[in-house]
4 protein chains.
Amino acid sequence: MPSKNLIDEMIAQAKISKKQTDKQQKVVDAAIKIFAEKGFANTSTSEIAEEAGVAEATIFRHYGTKDNLLLSITLPFLKDLIPRMAEELFSELMSQSPATFEQFIRGLLKNRIEFIKENKEIFQVLVKEVMYREEFKQELKPLVSEILVQHFIKIIEEFKERGELIEKASPIILRMFVTFLFGYITSRFILLTDNFVTDEEAELDEVIDFIMNGLKK
Amino acid sequence: MPSKNLIDEMIAQAKISKKQTDKQQKVVDAAIKIFAEKGFANTSTSEIAEEAGVAEATIFRHYGTKDNLLLSITLPFLKDLIPRMAEELFSELMSQSPATFEQFIRGLLKNRIEFIKENKEIFQVLVKEVMYREEFKQELKPLVSEILVQHFIKIIEEFKERGELIEKASPIILRMFVTFLFGYITSRFILLTDNFVTDEEAELDEVIDFIMNGLKK
Amino acid sequence: MPSKNLIDEMIAQAKISKKQTDKQQKVVDAAIKIFAEKGFANTSTSEIAEEAGVAEATIFRHYGTKDNLLLSITLPFLKDLIPRMAEELFSELMSQSPATFEQFIRGLLKNRIEFIKENKEIFQVLVKEVMYREEFKQELKPLVSEILVQHFIKIIEEFKERGELIEKASPIILRMFVTFLFGYITSRFILLTDNFVTDEEAELDEVIDFIMNGLKK
Amino acid sequence: MPSKNLIDEMIAQAKISKKQTDKQQKVVDAAIKIFAEKGFANTSTSEIAEEAGVAEATIFRHYGTKDNLLLSITLPFLKDLIPRMAEELFSELMSQSPATFEQFIRGLLKNRIEFIKENKEIFQVLVKEVMYREEFKQELKPLVSEILVQHFIKIIEEFKERGELIEKASPIILRMFVTFLFGYITSRFILLTDNFVTDEEAELDEVIDFIMNGLKK
DNA sequence: AATGAATGAGACTTCATTCAT
DNA sequence: CATGAATGAAGTCTCATTCAT
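Here the structure is a predicted model, which is why all the values come from computation and not from measurement.

Novice: Before we move on, can you summarise the relation of the copies chain B and chain A with the specific residues and values?
Specialist: Structural alignment of chain B on chain A gives an RMSD of 0.1 Å, achieved by rotating through 180 degrees and translating 0.1 Å along the axis. The two molecules are tied by a two-fold rotation axis, judged by turn and shift. Among all residues of chain B, the one whose C-alpha sits closest to the rotation axis is G183 of chain B, at a distance of 1.7 Å.

Novice: Can you break down the packing of helix α6 (residues 101-118) of chain A against helix α10 (residues 200-213) of chain A residue by residue, with the values?
Specialist: Residue and element names in this part refer to chain A. Between α6 and α10, the least distance of the axes is 10 Å, while the angle of their chain directions is 130 degrees. Of the possible angle classes, the one that applies to α6 and α10 is oblique. Both α6 and α10 take part in a crossing whose hand is right-handed. Together, F101, E102, I105, R106, L109, K110, I113 and K117 of α6 and E200, E201, L204, D205, V207, I208, I211 and M212 of α10 make up the contact between the two elements.

Novice: So what about the relation of the copies chain C and chain D? Which residues, and what values?
Specialist: In this arrangement, two copies of a chain are superimposed by a rotation about an axis accompanied by a shift along the axis. Least-squares fitting of chain C to chain D yields an RMSD of 0.1 Å, with the transformation described by 0.0 Å of translation along the axis and a rotation of 180 degrees. With an isologous cut-off of 70% or more, the 100% of interface residues of chain C that recur at the interface of chain D puts this contact in the isologous class.

Novice: Can you tell me about the interface of chain B and chain A, naming the residues and giving the values?
Specialist: The interface of chain B with chain A comprises 47 residues on the first partner and 47 residues on the second. When chain B packs against chain A, the two sides together hide about 4,400 Å² of surface, and 64% of this comes from carbon and sulfur. Across the chain B-chain A interface, the total number found is 10 salt bridges. K168 of chain B is the partner of E206 of chain A in a salt bridge, and the nearest nitrogen-oxygen pair spans 2.8 Å. Here chain B and chain A share 22 residue pairs in polar contact (both at pLDDT 80 or more) between them. Among the elements of the structure, α6 (101-118), α7 (120-130), α9 (170-191) and α10 (200-213) of chain B are those that each provide at least two residues to the side of chain B that touches chain A. Sorting elements by how many residues they give to the side of chain B that touches chain A places α9 of chain B first, with 14 residues. Among the residues making up the side of chain B that touches chain A, the classes are represented as 23 nonpolar, 10 polar and 14 charged.

Novice: Could you give an account of helix α8 (residues 134-161) of chain D, naming the residues involved and the relevant values?
Specialist: Between its terminal C-alpha atoms α8 of chain D stretches 39 Å, which fits the 40 Å expected from 28 residues at 1.5 Å a residue. Along its length, α8 of chain D reaches its greatest deviation from straightness, about 30 degrees, at V149 of chain D. Every buried residue belonging to α8 of chain D is among F136, K137, L143, I147, H151, F152, I155, I156, F159 and K160 of chain D, and all of these are buried. Buried residues along α8 of chain D sit in contact with α9 (170-191) of chain C together with α5 (66-95), α6 (101-118), α7 (120-130) and α9 (170-191) of chain D. In the segment just after α8 of chain D, G163 of chain D is the residue with positive phi, at about 80 degrees.

Novice: Report on the protein's contact with DNA strand E, specifying residues and quantitative values.
Specialist: Close to DNA strand E lie 34 residues, the nearest being T58 of chain A, T45 of chain B, F60 and K66 of chain C together with T58 of chain D. One of the side-chain N or O atoms of T21 of chain A is found 3.5 Å from a phosphate oxygen in DNA strand E. When residues of the surface near DNA strand E are traced back to their parent elements, those giving at least two are α4 (56-63) of chain A, α3 (45-52) and α4 (56-63) of chain B, α4 (56-63) of chain C together with α4 (56-63) of chain D.

Novice: An account of the protein's contact with DNA strand F is needed here, citing residue identities and associated values.
Specialist: F60 and K66 of chain A, T58 of chain B together with T58 and R61 of chain C are the nearest of the 34 residues found near DNA strand F. Backbone atoms, meaning sugar and phosphate, form 60% of the atoms of DNA strand F found within 4 Å of the protein. Contacts to DNA strand F include K23 of chain B, whose side-chain N or O atom sits 2.9 Å from a phosphate oxygen. Elements represented by at least two residues in the surface near DNA strand F include exactly α4 of chain A, α4 of chain B, α4 of chain C together with α3 (45-52) and α4 of chain D. Taken together, the residues of the surface near DNA strand F break down into 10 nonpolar, 16 polar and eight charged.

Novice: I'd like to hear about the interface of chain C and chain D, residue by residue, with values.
Specialist: In this assembly, 47 residues from chain C lie in contact with 47 residues from chain D. Carbon and sulfur atoms supply 64% of the area buried between chain C and chain D, which totals about 4,400 Å² over both sides. Among the residues of chain C in contact with chain D, M131, Y132 and L215 of chain C are the three that bury the most area, contributing 18% of the side total. With its nearest N and O atoms 3.5 Å apart, the salt bridge here joins E102 of chain D to K216 of chain C. Applying the counting criterion to the chain C and chain D interface returns 19 residue pairs in polar contact (both at pLDDT 80 or more). In terms of residue count, the dominant contributor to the side of chain C that touches chain D is α9 of chain C (14 residues). Class assignment for the residues of the side of chain C that touches chain D results in 23 nonpolar, 10 polar and 14 charged.

Novice: I'd love a proper account of the UniProt feature "domain: HTH tetR-type" (unreviewed entry) in chain A, names of residues and values included.
Specialist: Here, UniProt's "domain: HTH tetR-type" (unreviewed entry) annotation points to residues 21-81 of chain A. Annotated as 80% helix and 0% strand, the span residues 21-81 of chain A places its first and last C-alpha atoms 21 Å apart.

Novice: Hey, could you go over the arrangement of the chains for me, with residue numbers and the actual values?
Specialist: In this structure chain A stays clear of chain C, and the shortest span between their C-alpha atoms is 32 Å. As for chain D relative to chain A, no contact occurs, and the smallest C-alpha gap between them is 12 Å.

Criteria and cut-off values
- Residues numbered from 1 in each chain as written.
- Chains lettered and ligands numbered in written order.
- Predicted model: local features only at pLDDT ≥ 70, side-chain atom pairs only at ≥ 80, totals over all residues.
- Heavy atoms only, no water.
- Least-squares fit on C-alpha atoms with pLDDT ≥ 70 in both.
- Axes fitted to C-alpha atoms, helices over the stretch in contact; angles between N-to-C directions.
- Helix = DSSP H or I, 4+ residues; strand = E, 2+ residues; numbered from the N terminus.
- Parallel < 35°, antiparallel > 145°, perpendicular 65-115°, else oblique.
- Left-handed = near helix turned anticlockwise from the far one by under 90°.
- Contact = heavy atoms within 4.5 Å.
- Buried area = accessible area lost by both parts, 1.4 Å probe.
- Salt bridge = Lys/Arg side-chain N within 4 Å of Asp/Glu carboxyl O.
- Polar contact = N/O pair within 3.5 Å; in protein donor to acceptor, adjacent residues only side chain to side chain.
- Nonpolar A, V, L, I, M, F, W, Y, C, P; charged D, E, K, R; others polar.
- Expected span 1.5 Å × (residues − 1).
- Bend = angle between axes of the 7 residues up to and from the residue.
- Buried < 20%, exposed > 50% of the residue type's maximum accessible area, 1.4 Å probe, protein only.
- Near = heavy atom within 4 Å.
- UniProt positions renumbered as here; feature names shortened; annotations may be inferred.

Shown next, in the form of structure tokens:
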């Protein structure tokens with residue numbers, strides 16, 4: 001299962017298209033780190049420059065504006081890498097033809113949690129900025145509706161046919177599922193910075209059990 | 001079930017203790033509105049002053065610093081009103097001795113969703129700033145652990161004894177429940193500003209069904 | 001020898017002319033204290049109000065402007081009390097018909113040092129502000145030239161006639177004398193706040209000896 | 001006898017250590033000029049910027065705070081240049097092995113008065129701020145006690161041995177001498193801005209005569 | 001490509017002063 | 001007389017951005 005670090009991918013991609021320089025890379029690293037920690041608006045370009053060991057002017061030489069630096073960091077993520085990886089992920093997950101919906105979720109979660117762990121910082125930047133920037137929401141919408149919804153609905157339908165899932169409208173099933181996932185991920189990776197989960201496998205069991213069976217005896 | 005608007009409560013309380021002036025109230029109103037919309041860091045005091053129809057100096061006369069304005073808006077909320085209302089809520093919910101856990105959740109959700117709807121803006125300010133301010137996290141911790149956890153565990157235990165809930169460690173049950181609720185509320189009131197829920201009762205049924213029975217057939 | 005505290009005099013005088021109120025007095029006291037300590041420009045009216053236990057507006061009710069408060073404190077001092085006391089002093093000193101110039105200086109110094117000690121704060125305010133305010137210099141000039149010079153020259157001439165003083169132009173004698181006195185007083189009461197002089201009489205002996213005989217063997 | 005202008009020295013020194021820019025120099029010049037005239041607290045940074053022909057932000061780029069600008073102007077003076085020049089001065093004065101104490105004083109005064117004349121403004125800034133800033137007093141103390149006292153006591157002792165000075169405790173001799181000098185310099189260069197001394201040599205004669213012989217016939 | 005210097009715009013904040021009560 | 005509230009003007013300082021080298 002490919003869970004390459006997104007920043008590595010970005011570097012790779014950038015190297016092809018734009019010949020990212022050494023200093024440029026340092027700027028991006030520094031920016032992600034500080035944006036994740038303190039948020040975009042609370043971070044000054046001079047701070048980024050210092051953390052990167054670079055002159056402030058260098059940032060503007062490459063990115064023009066501070067806003068554009070943020071977009072240069074986040075947009076490829078949203079527009080390019082996430083969709084591509086989503087495609088890969090789903091085709092991979094389904095090509096293994098998981099026997100049960102539970103197995104499918106387990107594969108999905110394992111993969112995604114690993115992925116988020118590795119890209120925790122850029123992920124934090126994204127989540128935080130989505131709250132303030134209408135543009136990000138707009139960018140996110142098609143991503144969610146086209147990739148996520150599209151694929152998931154198909155999968156849900158398949159498992160419904162197999163008789164594994166309740167007989168409800170697929171969008172409702174999807175929404176409950178996604179809502180829980182969203183709550184799980186944000187509370188774990190955005191709100192609670194300290195890693196409180198020790199046994200990842202046991203945790204996964206509990207999560208899956210809740211999603212599948214709820215809380216009733 | 002009392003779901004008084006918090007800002008009204010704040011005004012009431014302030015009138016007793018500190019004789020809030022007319023202009024002061026306008027400042028608070030304007031600040032909440034703009035902070036909620038654009039976030040604390042992206043809002044200038046001159047903007048608040050203009051929106052409030054007040055001189056910028058007036059803000060500082062009453063609140064000293066911009067930071068203190070934020071705290072004056074949010075801290076009473078966290079320290080005072082939320083705990084008090086939580087107490088009221090739980091005692092009320094349990095005094096009605098709900099027949100089933102489902103009934104209990106339904107009462108809780110109805111009450112809280114109404115409450116959040118009415119205080120949407122200040123709620124948004126809180127959630128957004130919790131992400132950036134360690135102080136807020138610190139303020140929130142006892143609130144969550146002492147009020148929420150304490151009460152919930154008791155209730156969960158009671159319904160476990162009645163045989164309505166699965167035989168799992170109560171903290172795990174609580175965590176799954178809260179995680180979903182958190183995801184539900186943030187996605188509904190922070191992320192998606194547009195009200196997409198039309199039939200609140202039907203929505204509630206789906207949510208409860210998911211929490212109780214999960215997705216398995 | 002009358003060495004009444006100047007502020008007492010001011011109060012007395014004010015009570016006659018302007019019916020100084022209780023609060024007004026508190027303002028003046030506070031202002032003198034803080035001006036002496038931190039200087040006029042570094043003191044805010046709110047600070048004075050707080051120290052005086054009075055509303056800021058009260059200051060302006062009585063003094064109109066901050067500048068005027070300073071002048072109300074200092075000008076009577078310069079225009080009224082100092083001249084009057086100088087007159088008294090000189091007539092008193094000479095009426096005792098001191099046998100020698102040394103005795104005269106001793107009387108003068110004893111009297112003045114006591115006076116300054118008692119009015120240290122207002123004295124500090126004056127000295128500090130003379131540096132920044134041309135108006136004060138202008139106010140001081142006639143005081144110095146008319147009162148001080150006038151009297152002193154007469155006295156110097158008298159003692160020259162008695163053969164006690166060197167045969168130099170009186171203005172030169174005066175200038176040397178005053179220069180030393182000025183240096184002595186400022187260094188003792190403005191620059192070095194901590195009272196380092198323990199034996200006032202012995203100190204006086206040294207000072208007089210220097211003025212009279214210099215440093216040569 | 002080297003009586004180089006201190007500001008020139010500062011520039012020279014700065015050029016070696018910190019590459020002072022053209023604009024930076026203009027800021028310093030303007031600041032010294034206005035601080036000397038109106039005092040630190042009565043001078044705004046915008047005023048300095050205008051006088052220097054520089055954007056206000058430029059001041060802060062180089063000096064961070066207004067306070068730091070003052071310190072950057074004055075501290076090198078106190079910590080560095082004055083001590084060094086004092087050393088030079090004393091070694092020079094004594095290497096010429098002045099025949100008499102009078103000759104020594106004459107050399108000293110000539111040198112110092114020239115020095116102060118050339119650095120009148122920065123000198124005024126220093127004297128004015130010493131009154132308000134405890135830090136400055138603290139900075140000045142070792143300067144005075146280690147350089148001035150140390151050297152002077154030695155010299156006084158030497159001339160006492162030669163039988164030229166009265167048989168008094170050297171610290172007392174020193175204090176009288178310094179007190180007069182302090183009075184002389186402050187009254188001449190701080191209080192009375194208009195140059196009233198026309199014949200510098202004749203003036204010097206009078207001063208020395210007073211110090212040596214006092215006022216007695 | 002990289003940077004040190006410079007800056008306009010605007011941020012937060014202070015302050016002396018006015019006014020209605 | 002006294003004051004709490006309010007404010008215009010100005011102050012210090014920050015920041016994203018430009019430019020010459």
